[in-house]
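Listed below are the residues making up each chain.
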Amino acid sequence: MVEEPLYRRESGRMIAALTRIFGIHNLALAEDVAQDAFCRALEIWRLRGVPDNPAAWLMTAAKRRAIDVLRRERTARRFAPDLGRLHESEWTLVPTLDAMFEPSAIKDDQLRMMFSCCSPRISEEAQIALILHLLCGFSVGEIAAAFLSSHAAIEKRITRAKHALAQSSGLFDLADRDLPKRLASVQRSLYLLFNEGYHGASPESSVRAELCREAIRLGALLADHPSTSTPATLALCALMVLNASRLAARVDALGNLNALADQDRSLWDKALIERGIELLDRSAIGDELSEYHIEAAISSVHARSCGAAETDWKKIASLYDLLIRAKPSPVVALNRAIAYGHAEGPERGLAEIAAIDDISRLESYPFYHAALGEFELRRGESTRAREHFDSARKVARNAAERRFLTQRADACAAKSGASV
Amino acid sequence: MSEFLFLYRGGQRASDAAESDKVMQKWVAWMEDLGSKGHLKDRGQPLDPAGKVVRGKQKVVTDGPFPESKDVVGGYTLVTARDLAQAAELSKGCPIFDTDGAVEVRPVMEM
């Protein structure tokens, strides 16, 4: 993956630390101060050159700006209540801020911010946008591009969510009794964020890779903290890392989708696979079997096999049996049917698809039609297969999907042509 | 070789972080280019736009600086060049022109 721009990570760190210092009700001030510190740094660097450790430089700049603000406005504004009166005396102000800008403190602040963004008072969609904006340094325009949404819609969503956030009594406390419940929401948001990057709407592959990378980075923060490093967290991290190992092979240089079976497995990132499997091993403690465990296990079976033909589809099918019980949904049922089709032949696959409850909900899902097409093609019914790929193409959600499905439809035509 | 001062005037701040980052990278590349060709005498310093102006016999202090914010000097660099024409030519690589700014090129008076 390409190197992450500096402002991505550092803006999130600065805003989290500054919000902790100023209080959540001063979120807008924290954002302004972070933005200002960043812009000033760049103005200096453009003449003086970028320092060896720009991240540390930026945090020092943010700390100095924070000290200025606290000195100037300590009578006019109310800051974080848990800061007490420490900022009121010159004896305590600087040492207090030094401690609050320690790397471990900033990590905790980012977690608190992440948990605050996932408040039940904020909708799931808005949680993800807010996390991207506040913790990952995405501008409104970049978020709109990633979700193929209008600038105005995203702006409204974020403004509303920030307002809800600023109204809350304080940043989420990691010692709070509600931690396990809130942790589940945080995990879900990161899962959705990752999937938006992996499967999502934006055709631009660099944006998708960035979303995946941010989800993995925030997941690693959860996995690093003793209060949040639960088996489900580790399994979620394993799942994201394992799937990300295939990102480079999933889309080719022209932005075309490659089906798992057709991917060039030499492009799979071996270091990520290793890390994913290690995380999955670590997640196998205690008796909790979350949906992330099952999905990560499925992904690890793919990651470990040398080719589509050598894949242990029986094992994948049995994991889908577990997943459909943990998380029943038509899409999971479809993937289960596909696994059975690979394990036991196209007839079984078609039968499993026909047995899906709620199948009408899959009508608008292109890969439902594509799965029917693949199995029909495999049992030699290329005309029928082609019809399915044509239906799939009609509901494709972006140009890459459309190209991919057109290709599959053409493959059917070639087959039926050859058999005549 | 003679010395010339580049005064950077005006130029807008980029609207978002990604954009500012790109602009900064362009400046760094330009500076490196000047340096590698032996024209860079002193990188100089950026200047904060806020300031004071002290004027007249009465030494009246006003908040600065200046009537037109687009003319405010935002920084300076000292370069060496054969003559004023070459110095002006060198300034043309400055990324400030992308954001509506100007470079004032002034010869340092020699003894």
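If you're wondering where the values come from, they're calculated on a predicted model, not measured in any experiment.

J.: It is not clear to me how the packing of aromatic side chains should be interpreted in this structure. Could you clarify?
T.: Here the distance between the centres and the angle between the planes together describe a pair of aromatic rings. All names here are of chain A. Per the stated rule, a full pass over the model turns up 12 aromatic pairs over all chains. Aromatic pair Tyr7 and Phe38: ring centres 6.1 Å apart, planes at 70°, arrangement edge-to-face. Linking Tyr7 in helix 1 (residues 6–22) with Phe38 in helix 2 (residues 27–48), this pair joins segments that are 31 residues apart in sequence. The same class applies to Tyr7 and to Phe38, which are both buried. For the ring pair Trp45 and Trp57, a centre distance of 5.3 Å and an interplane angle of 75° mean the geometry is edge-to-face. Linking Trp45 in helix 2 with Trp57 in helix 3 (residues 54–73), this pair joins segments that are 12 residues apart in sequence. Accessibility expressed as a relative area gives 1% for Trp45, which makes it buried. Residue Trp57 is classed as partly exposed on the basis of its relative accessible area, which comes to 32%. One cation-aromatic arrangement involves Arg8 over Phe138; the distance from NZ or CZ to the ring centre is 3.8 Å. When the ring centre of Trp268 is taken as reference, the NZ or CZ atom of Arg246 above it lies at 5.4 Å.

J.: Please clarify how the pattern of salt bridges should be interpreted in this entry.
T.: Where side chains of opposite charge bring their charged atoms close, a pairing between them can arise. Residues and elements named next belong to chain A. If you walk through the whole model with that rule in mind, you get 38 salt bridges over all chains. Note that Asp224 and Lys107 form a salt bridge whose closest N and O atoms lie 3.4 Å from each other. You can see Asp224 sitting in helix 10 (residues 205–224) and its partner Lys107 sitting in helix 5 (residues 103–117), a full 117 residues away along the chain. Glu376 is the partner of Arg379 in a salt bridge, and the nearest nitrogen-oxygen pair spans 3.0 Å. Overall, Arg379 belongs to the partly exposed group, its relative accessible area being 33%. Residue Glu376 is classed as buried on the basis of its relative accessible area of 6%. Via salt bridges that share partners, Asp321, Arg336, Glu344, Arg348 and Glu352 belong to a single interconnected network.

J.: I tried to follow the layout of surface pockets on my own but got confused; where do I start?
T.: In this approach a probe as big as a water molecule rolls over the atoms, and the regions it shows empty are the leftover space. Space inside the second largest pocket adds up to approximately 620 Å³. Residue lining of the second largest pocket: 29 residues in total, with Glu43 and Arg46 of chain A together with Gly10, Gly11 and Arg13 of chain B positioned closest to the centre. Elements with a contribution of two residues or more to the lining of the second largest pocket: helix 2 of chain A together with helix 1 (17–36) and strand 5 (73–81) of chain B. Broken down by element, the residue count for the lining of the second largest pocket peaks at five residues, all from helix 2 of chain A. The residue makeup of the lining of the second largest pocket, split by class, is 15 nonpolar, eight polar and six charged.

J.: So what exactly am I meant to see when it comes to the interface of chain B and chain A here?
T.: Often, the extent of an interface is quoted as the loss of accessible area on bringing the components together. Contact residues are listed per partner, giving 22 residues for chain B and 19 residues for chain A. Between chain B and chain A, the buried area comes to about 1,700 Å², and carbon and sulfur atoms account for 60% of it. Contact with chain A buries surface across chain B, with Arg13, Met24 and Pro46 of chain B losing the most and accounting together for 31% of the total. Connecting chain B to chain A are one salt bridge. A salt bridge links Asp48 of chain B to Arg40 of chain A; the shortest N-O distance between them is 3.1 Å.

J.: Hey, could you run me through the side chain of Glu401 of chain A in this one?
T.: Residue and element names in this part refer to chain A. Examined against the element boundaries, Glu401 turns out to sit in helix 20 (residues 399–419). Accessibility expressed as a relative area gives 3% for Glu401, which makes it buried. Residues in contact with Glu401, not counting those within four places in the same chain, are Leu257, Pro366, Phe367 and Ala396.

J.: How do you make sense of the packing of helix 13 (residues 270–283) of chain A against helix 14 (residues 291–304) of chain A when you look at a structure like this?
T.: Residues and elements named next belong to chain A. For the pair helix 13 and helix 14, the least separation of the axes is 10 Å and the interaxial angle reads 140°. In this structure, the crossing between helix 13 and helix 14 has a hand that is left-handed. Of the residues in helix 14, those in contact with Ile273, Ile277, Leu280 and Ser283 of helix 13 are His293, Ala296, Ala297, Ser300, Ala303 and Arg304. Residue composition of the contact of helix 13 with helix 14, by class: six nonpolar, three polar and one charged.

J.: Help me out: how do you make sense of the confidence of the model for chain B in this one?
T.: In low-pLDDT segments, the atomic positions of the prediction should not be examined closely. Looking at chain B, the pLDDT average stands at 90 and 96% of residues meet or exceed 70. Taken element by element, chain B is modelled with least confidence in strand 4 (residues 60–63) of chain B, mean pLDDT 88, and with most confidence in helix 2 (residues 84–91) of chain B, mean pLDDT 97.

J.: Would you mind going over the confidence of the model for chain A with me for this structure?
T.: With 95% of its residues at a pLDDT of at least 70, chain A reaches an overall mean of 89. At the level of individual helices and strands, chain A shows its lowest average pLDDT in helix 20 of chain A, which scores 80, and its highest in helix 11 (residues 231–244) of chain A, which scores 97.

J.: Can you help me understand the nonpolar core in this one?
T.: It is characteristic of soluble globular proteins that their nonpolar side chains tend to be buried jointly. Formed by 103 residues in total, the largest nonpolar core has its most connected members in Met14, Leu18, Phe22, Phe101, Met113, Met114 and Leu165 of chain A. What Leu165 of chain A contacts, discounting residues up to four positions off in sequence, is Ile24, Leu27, Met113, Ser116, Cys117, Ile122, Leu130 and Leu134 of chain A. If you look at the next biggest cluster of nonpolar residues, it comprises 17 residues, including Tyr8, Val23, Met31 and Ile96 of chain B.

J.: Help me out: how do you make sense of the side chain of His369 of chain A in this one?
T.: Mapping His369 of chain A onto the fold places it in helix 18 (residues 366–378). Residues contacting His369 of chain A, with those up to four places away along its chain left out, are Leu362, Glu363, His388, Ser391, Ala392 and Val395 of chain A.

J.: Mind showing me how you'd approach the sheet that holds strand 5 of chain B here?
T.: Strand pairing in a sheet relies on backbone hydrogen bonds. The paired strands run either parallel or antiparallel. All names here are of chain B. Reading across the sheet, the four strands line up as 2-5-1-6 and stay open at both edges, with antiparallel pairing between neighbours. One side of each edge strand has no neighbouring strand; the edge strands of this open sheet are strand 2 (40–42) and strand 6 (102–107). Between one strand and the next, the sheet's axes are offset by a mean angle of 35°, whatever the strand orientation. Against the sheet, helix 1 engages strand 1 (2–9), strand 2 and strand 5, with an angle of about 175° to strand 1.

Cut-off values and rules
Residues numbered from 1 in each chain as written. Chains lettered and ligands numbered in written order. Predicted model: local features only at pLDDT ≥ 70, side-chain atom pairs only at ≥ 80, totals over all residues. Heavy atoms only, no water. Phe/Tyr/Trp six-rings, centres within 6.5 Å; stacked < 30°, edge-to-face > 60°. Helix = DSSP H or I, 4+ residues; strand = E, 2+ residues; numbered from the N terminus. Buried < 20%, exposed > 50% of the residue type's maximum accessible area, 1.4 Å probe, protein only. Lys NZ or Arg CZ within 6 Å of the ring centre and 35° of its normal. Salt bridge = Lys/Arg side-chain N within 4 Å of Asp/Glu carboxyl O. 1 Å grid on protein atoms, 1.4 Å probe; cavity = no way out; pocket = protein on both sides within 12 Å on 5 of 7 lines; lining within 4 Å. Points joined across faces, edges and corners; volume = space filled by probe spheres on them. Nonpolar A, V, L, I, M, F, W, Y, C, P; charged D, E, K, R; others polar. Contact = heavy atoms within 4.5 Å. Buried area = accessible area lost by both parts, 1.4 Å probe. Axes fitted to C-alpha atoms, helices over the stretch in contact; angles between N-to-C directions. Left-handed = near helix turned anticlockwise from the far one by under 90°. pLDDT = per-residue confidence, 0-100. Core = buried A, V, L, I, M, F, W, Y, C linked by side-chain atoms within 4.5 Å. Pairing = 2+ DSSP bridges.

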